[in-house]
Each structure stands twice: as structure tokens, then as C-alpha cells.
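# Remarks on the overall topology
Spelled out, the chains give:
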Amino acid sequence: SVDLLDSSDAMLDLARKDAKTEALADRMSFCRGDANRLSAAYQPCSFDVVVCHNLLEYLDDPFAVLRGLRRLLKSNAMVSLLVRNRFGEVVKSAIKGHNLELAKAALSADAVIDSLYGQPVRVFNPDDLHSMLERGGLEVIAERGVRVLSDYLTCDASKDEDYRRLFDFELLLGAQPQFTAVARYTQIIARPVCRSDVEREP
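All of the points below concern the structure found in this document. (Residues numbered from 1 in each chain as written. Predicted model: local features only at pLDDT ≥ 70, side-chain atom pairs only at ≥ 80, totals over all residues. Heavy atoms only, no water.)

### What about the environment of Val-121?
The cut-off we apply is this: Helix numbers and strand numbers start at the N terminus; a helix is a DSSP run of H or I with at least 4 residues, a strand a run of E with at least 2. Here, two residues are considered to be in contact whenever any of their heavy atoms come within 4.5 Å of each other.
By the element assignment, Val-121 lies in strand S6 (residues 120-122). Through-space distance from the C-alpha of Val-121 to that of Gln-43 is 30 Å; in sequence the pair is 78 residues apart. Leaving out residues up to four positions away in the same chain, Val-121 has contacts with Glu-57, Tyr-58, Arg-84, Asp-110, Ala-111, Val-112 and Asp-114.

This is how it looks when you write it as C-alpha cells:
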């Protein structure tokens, strides 16, 4: 079974509709809740896999949420994280935005302006992200770059062959550290570790 947590009723309604369309609704549960209060929604060691994509960028304290996720994982479980890569934003500003000053500022920025919503969104330095995961009791076992070139190439998504070629190329590039370093997003697969020096929540 799959548990879906979201703070938005509208998003949960969309998820229910999609799950019903795909005949998956009976295998899913939908919970309205706050990622900052995971302990109120779930018991410790509840999940084999946790997917946390495009969430940490929008939180005031992403480390606190990581600690909460860590408590939800069984000992042999895994978590998949997807976050905006700071250096991908540098490349985007320079190539897509044609703004070298903005690209230079992004080198050290903690946040950038989201082009869709016009609001600040956090970006992550890969080294800082690894350190945060380690302090939170999570060990990185795999890392990939996501959207290395797709934002800068013209692709007719309605043409299956064009989309497939780009998708396959992205998979090839995202598996290589050189391109992961400048991808728009970083995906990390991590697992819990048992250590006495893991930071505990007060």
C-alpha cells in the first residue's frame, strides 16, 4: 500500500482522481498533513520506502524534516530525495536566462526566484546536502542528476520518438558525476544508519 501526505486538499483531490483513473485507489491512502509534523501523522519505523521530491526547497527547516523522515524508516528502508541544485541554477540563469550577473549571484545564493510562482525557493549545494543527510542519520547510496539538458533543448513532447531520445540521453548524462554536478535537480537515494552521534531532535 502507498500513503500520500500533502498539506493541500486540492492536491490530494487531484491525487485521488488520478489514482481512481489508474485503478489504484484501493491500494492508497490520502492524508492531509504537515511535513514539519510527521510524528503526528505516522508511527516510527512505518515505511520501507519514502519519496520526498520537490519539498525540502520550500521548508524553513529542511533538516528537521529529514530527521522526521529518518524516524519513519524501517532499518532496511530507503528514501528518495529530489532537490534543486544550486549549480544547476547557475547554468540555467546563464544559458536560458541570458543573465550572467544573476548566474554569478546564484553561485552563493541560498535561494532563487521560482520562474513559475515568482517566489523564493531554496537551492542546495551538493556538499551541504550530503552533510545534512549524514547529520540526520542517512547514508547516501546513489546520486543522479535530473534535467541536465532538457530545459535548454527544444523537444516536441507530442512526438514519442523525440521525447524518448531526450529521455534516454538524460538518463545517460544523469548517471555521470560530471553532469550531475550541473543538473537542475539532484536525486539522492539514502538509507538509515545506526550511529550514536546522529543529531537528535530536542
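On we go from here.
### Notes on the nonpolar core
Heads up, the condition is: By nonpolar core is meant a set of buried Ala, Val, Leu, Ile, Met, Phe, Trp, Tyr and Cys residues that side-chain atoms within 4.5 Å join together. When accessible area is computed with a 1.4 Å probe and restricted to protein chains, residues below 20% of their type maximum are described as buried, those above 50% as exposed, and intermediate ones as partly exposed.
One finds Leu-56, Leu-66, Leu-69, Val-79 and Leu-81 to be the most contacted residues of the largest nonpolar core, which totals 25 residues. For this core, the elements supplying multiple residues, two or more each, are strand S3 (47-53), helix H3 (62-72), strand S4 (73-84), helix H6 (126-135) and strand S8 (185-192).

### A few points about the sheet that holds S3
The condition that has to hold: One requirement defines pairing of two strands: DSSP has to find at least two bridges between them. The axes are straight lines fitted to the C-alpha atoms, using for helices just the contacting stretch, and the angles between their N-to-C directions are given from 0 to 180°.
The strand order across the open sheet formed by four strands is S3-S4-S8-S7, and the pairing between neighbours is mixed. Across the chains shown, the open sheet's two edge strands, defined by having one partner strand only, are S3 and strand S7 (138-146). Ignoring strand direction, the axes of neighbouring strands in this sheet form an average angle of 15°. Two elements, S3 and S4, share six bridges in a ladder whose sense is parallel. For Phe-47, the partnering residue across the bridge sits in S4 and is Leu-73. Of the strands in this sheet, S4, S7 and S8 are in contact with H6, which crosses S7 at around 150°.

### A look at the side chain of Asn-125
Its location among the elements puts Asn-125 in the loop between S6 and H6. According to the relative accessible area criterion, Asn-125 is buried, its value standing at 15%. Excluding its chain neighbours within four sequence positions, the residues that come into contact with Asn-125 are Arg-86 and Phe-87.

### Brief notes about unusual backbone geometry
Look at Asn-54: it is not a glycine, yet its phi comes out positive at around 55°. Take Asn-54: it is sitting in the loop between S3 and H3. Although it is not a glycine, His-98 adopts a positive phi angle of roughly 55°. Mapped onto the fold, His-98 is located in the loop between helix H4 (86-95) and helix H5 (100-106). Taking relative accessible area as the criterion, His-98 reaches 67% and is therefore assigned exposed.

### Concerning a nonpolar patch on the surface
Formally: Like charges are joined within 9 Å and nonpolar side chains (Val, Leu, Ile, Met, Phe, Trp, Tyr) within 5 Å, but only among residues with over 30% relative accessible area and no salt bridge; these make up the patches. Using a 1.4 Å probe, accessible areas were evaluated by the Shrake-Rupley method; residue-level cover was limited to the displayed protein chains. The rule for a salt bridge is simple: a side-chain nitrogen of Lys or Arg has to be within 4 Å of a carboxyl oxygen of Asp or Glu.
Taken together, the side chains of Val-49, Val-51, Met-78 and Ile-141 define a hydrophobic patch exposed on the protein surface, amounting to about 340 Å² of accessible area. Relative to the assigned elements, Met-78 resides in strand S4. Taking relative accessible area as the criterion, Met-78 reaches 36% and is therefore assigned partly exposed.

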